[in-house]
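Okay, here's what each chain looks like letter by letter:
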Amino acid sequence: MSLTETPFACVTSQYEAIRAIDPDLYELTVQETRRQAELVRLIPSENYTSSAVMQAMATVFCNKYSEGYPGKRYYEGNEFVDGVEELARERAKKLFGADHANVQTNSGSPANMAAYYALMKPGEKVMGMHLPSGGHLTHGWNVNFSGMLFQPVYYGYNETQGVTGLNPETGQLDYDELRNIALRERPKVIFAGGTAYPRVWDFAKFRAIADEIGAYFVADIAHINGLIIGKVHPDPVPYADVVTSTSHKAIRGPRGGFILCKDRTMIDNPEERLVDRIDKAVFPTLQGGPHNNTIAALAVCFKEAATEEFRKYAEQVVKNAQALAQALLERGFSLVTGGTDNHLILIDVMKSRKIPGKPFAKALYEAGLETNFNSVPNDPRKPFSPSGIRIGTPAVTSRGFTETEMVLIADWMDRVAGSCHKDGKNYLFDEVALRKIRAEVTDLCTSGKFPVPGIDF
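Structure report, in brief. All values reported here derive from a predicted model rather than from experimental measurement.

### Some words on the overall build of the protein
Assigned secondary structure in the protein consists of 17 helices and 16 strands. Its C-alpha atoms give the protein a radius of gyration of 22 Å, near enough to 23 Å, the size a compact globule of 457 residues would have. Judged by the C-alpha coordinates and their principal axes, the protein covers about 70 × 55 × 35 Å. Contacts in the protein between residues at least 24 apart in sequence constitute 69% of all its contacts with a sequence separation of at least 6.

### Details of the sheet that holds strand S13 (residues 372-374)
An order of S11-S14-S13 is seen for the three strands of this open sheet, with the pairing classed as antiparallel. Only two strands of the sheet have a single partner each, and these edge strands are strand S11 (344-348) and S13. On average, each strand axis in the sheet is tilted by 35° relative to the strand beside it, whichever way the strands run. Across the sheet, helix H12 (residues 308-330) is in contact with S11 and strand S14 (388-392); its angle to S11 comes to roughly 20°.

### Overview of the packing of aromatic side chains
Per the counting criterion, the structure on display carries 19 aromatic pairs. Residues Tyr155 and Phe206 carry aromatic rings whose centres are separated by 6.0 Å and whose planes lie at 55° to one another, so their mutual orientation is tilted. In this pair, Tyr155 sits in strand S6 (residues 151-155) while Phe206 sits in helix H8 (residues 203-213), placing the two residues 51 residues apart along the sequence. Of the two residues, Tyr155 and Phe206, neither departs from the other in class, the shared state being buried.

### Here we look at the pattern of salt bridges
Counted by the stated rule, this structure contains 28 salt bridges. In this structure, Arg41 engages Glu46 in a salt bridge whose closest nitrogen and oxygen atoms are separated by 3.0 Å. Its salt-bridge partner being Glu212, residue Arg179 comes within 2.6 Å of it at the nearest N-O pair. One end of the pair, Arg179, is in helix H7 (residues 175-185); the other, Glu212, is in helix H8, and 33 residues separate them in sequence.

### A word on the sheet that holds S6
Taken together, seven strands build an open sheet; the order of strands is S4-S10-S9-S8-S7-S5-S6 and the sheet is mixed. The two strands at the open ends of the sheet, each matched to only one other strand, are strand S4 (100-102) and S6. Direction aside, the axes of adjacent strands within the sheet are offset by 20° on average. As judged from the five bridges shared by strand S9 (residues 242-246) and strand S10 (residues 257-261), these two strands associate in the antiparallel manner. From the neighbouring strand, Thr246 faces S10, where its bridge partner is Gly257.

### A word on the packing of helix H5 (residues 108-119) against helix H10 (residues 274-286)
Each packed pair of helices is defined by two parameters, the angle between the axes and the distance between the axes. Across the interface, H5 lies against H10 with an axial gap of 8 Å and an inter-helix angle of 120°. As far as their axial angle goes, H10 and H5 are oblique. The way H5 lies across H10 gives a crossing that is right-handed. From H5, Pro110, Met113, Ala114, Ala115, Tyr117, Ala118 and Leu119 reach across to H10, where they touch Leu274, Arg277, Ile278, Ala281, Val282, Thr285 and Leu286. For the contact of H5 with H10, a count of residues per class yields twelve nonpolar, one polar and one charged.

### Concerning the packing of helix H4 (residues 79-96) against helix H11 (residues 292-305)
Contact geometry of H4 with H11 gives a least axis separation of 9 Å together with a crossing angle of 35°. Between H4 and H11 lies a crossing whose hand is left-handed. Contacts between H4 and H11 involve Val81, Val84, Glu85, Leu87, Ala88, Arg91, Ala92 and Leu95 on the former and, on the latter, Asn292, Ile295, Ala296, Ala299, Val300, Phe302, Lys303 and Ala305. In terms of residue class, the contact of H4 with H11 is built from twelve nonpolar, one polar and three charged.

Conventions used here
Residues numbered from 1 in each chain as written. Predicted model: local features only at pLDDT ≥ 70, side-chain atom pairs only at ≥ 80, totals over all residues. Heavy atoms only, no water. Helix = DSSP H or I, 4+ residues; strand = E, 2+ residues; numbered from the N terminus. Rg over C-alpha atoms; globule rule 2.2 N^0.38 Å. Contact = heavy atoms within 4.5 Å. Pairing = 2+ DSSP bridges. Axes fitted to C-alpha atoms, helices over the stretch in contact; angles between N-to-C directions. Phe/Tyr/Trp six-rings, centres within 6.5 Å; stacked < 30°, edge-to-face > 60°. Buried < 20%, exposed > 50% of the residue type's maximum accessible area, 1.4 Å probe, protein only. Salt bridge = Lys/Arg side-chain N within 4 Å of Asp/Glu carboxyl O. Parallel < 35°, antiparallel > 145°, perpendicular 65-115°, else oblique. Left-handed = near helix turned anticlockwise from the far one by under 90°. Nonpolar A, V, L, I, M, F, W, Y, C, P; charged D, E, K, R; others polar.

This is how it looks when you write it as structure tokens:
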């Protein structure tokens, strides 16, 4: 069933200026608005922003060039831009309890790149989680700048590649083995953080390992930033030299990034300070003029995240993830690490239901459940057709879903899996069953019980 066949009609007046000048783009915008409203969005790296965040993105700050930092610009006319950036920086510092904040990075990968340039020289070793074990491209993977310019050392789990650091029985981090790897390889920088690890990160243990070998410790909190603010996940700021993050996931901000760091001297040069290295790595090393409208939206999202309402939201994200994990276990799905402590769940669909992740993700989407196929630790299948799928609860929690709806989602996923049969090399799903589930999903999402933040119908 295509989106245009669904019975829900989207009516919006938000984009009339676009409609007048570019009907083609207007139509695509309306269709995407409908898509986001009518589906159960379970990709853990996606969320909904507030109307205020979206409005900040559309302000006149998008018109202004502001190369440099507040009070030190290379263009005139930045007095109000300076005020916006200072507002965002101070709010970030207060929100996370950090010494310093840089809010100019365009996203999480540039934030990590800035950390590399501030802390390392090309060719030096970086230690990060193995990508197929749940890490991120920018933590040393070979097709990314981080693995091309720097020498990667991995922790994770892969029998054929000899990668260790995850307990093969539990799938959870083995900190004794992480220490052994660090002592053997002596990396200049150690990264904590990932995209598909459903358990708590023990930042104090990473700090102790880094101190033992004289390394810098960077915590990438792109996925768990909102959980940290809500105090449902440990805080890395007291332990990490540098904390990097996106701003469009659990924190519910624009598609941007930011960096937090300690005000300390450099290990390799006591004459230099870390805050100066970080700022210089962002500008002029990596970027020219920042995106001021994004910084304005960052300021809004930091203000929203400082509220009691946001703290309750973060708590519910974790409650929902754990309720969904339990419901999936009860329906026979195999979960990496056996469950979750945070916002995401990694399902080994091949192991439990004999269905590869890619066709299952596509069938779920036809049924109105948006996920992404994903490798699992020690995955025997290739990355573009892996064994697992990755799901999470930030977006559905933003809509007001609770534990009751998590059981519904697990039931829908179970029914999709149950409708599959194999025909040779192909995995086929019952189209009638998928359309029936899709209608149920649409009914729930358009019932009016679960309004979409930032989208007005």
